[in-house]
Amino acid sequence: MTDHTASYSHARQDRQARGVEFWFYFALIFVAALPFAVFAWARVLGRDGKGIVRRAWAEADAIVPTIFSA
């Protein structure tokens, strides 16, 4: 029997179901995280393989759900 609890399509649907308010806060935090990502990227000089935008995106994606879960 196939395990459907970790389905990729389920995660994709969750991402599409996010509302306008979520994306508004996500954009604000993303823009705020960019300078910190630039600093961290310059400090490490890209050793971990993450670019500036990817690092800021990861930070915003970690922070915004925490705000909405509170």
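This is a predicted model, so every value here is computed, not measured.

J.: Before we move on, could you go through the nonpolar core and cite the residues and values that matter?
T.: The biggest cluster of nonpolar side chains holds nine residues, and these are Phe22, Phe26, Ile29, Phe30, Ala33, Ala37, Ala56, Ala60 and Val64. Of all the elements in the fold, those that place two or more residues in this core are helix H2 (20–44) and helix H3 (52–69). By residue number, the principal contributor to this core is H2, which donates six residues. If sequence neighbours within four positions are ignored, valine 64 has contacts with Phe22, Tyr25, Phe26 and Ile29.

J.: Can you tell me about the environment of alanine 58, naming the residues and giving the values?
T.: Among the structural elements, alanine 58 can be located in helix H3. For alanine 58, a relative accessible area of 34% translates into the label partly exposed. Spatially, the C-alpha atom of alanine 58 lies 9.4 Å from that of alanine 33, the residues being 25 residues apart in sequence.

J.: Outline the packing of aromatic side chains, listing residues and values.
T.: Scanning all chains against the criterion turns up nine aromatic pairs. Ring centres of phenylalanine 22 and tryptophan 23 lie 5.4 Å apart, and the angle between their planes is 90°; on these two criteria the pair is classed as edge-to-face. Residue classification places phenylalanine 22 among the buried residues on the basis of a relative accessible area of 8%. With centroids separated by 5.5 Å and ring planes inclined at 75°, the aromatic side chains of phenylalanine 24 and tyrosine 25 adopt a geometry described as edge-to-face. A relative accessible area of 35% places tyrosine 25 in the partly exposed class.

J.: Account for a nonpolar patch on the surface, with residues named and values stated.
T.: Together, Phe24, Tyr25, Leu28, Ile63, Ile67 and Phe68 line one region of the surface with nonpolar side chains, adding up to about 550 Å² of accessible area. Secondary-structure elements contributing two or more residues to the nonpolar patch are H2 and H3. You can see isoleucine 63 is positioned in helix H3.

What counts and how
- Residues numbered from 1 in each chain as written.
- Predicted model: local features only at pLDDT ≥ 70, side-chain atom pairs only at ≥ 80, totals over all residues.
- Heavy atoms only, no water.
- Core = buried A, V, L, I, M, F, W, Y, C linked by side-chain atoms within 4.5 Å.
- Buried < 20%, exposed > 50% of the residue type's maximum accessible area, 1.4 Å probe, protein only.
- Helix = DSSP H or I, 4+ residues; strand = E, 2+ residues; numbered from the N terminus.
- Contact = heavy atoms within 4.5 Å.
- Phe/Tyr/Trp six-rings, centres within 6.5 Å; stacked < 30°, edge-to-face > 60°.
- Patch = residues over 30% accessible without salt bridge, like charges linked within 9 Å, V, L, I, M, F, W, Y side chains within 5 Å.
- Areas by Shrake-Rupley, 256 points an atom, 1.4 Å probe, with all protein chains shown as cover.
- Salt bridge = Lys/Arg side-chain N within 4 Å of Asp/Glu carboxyl O.

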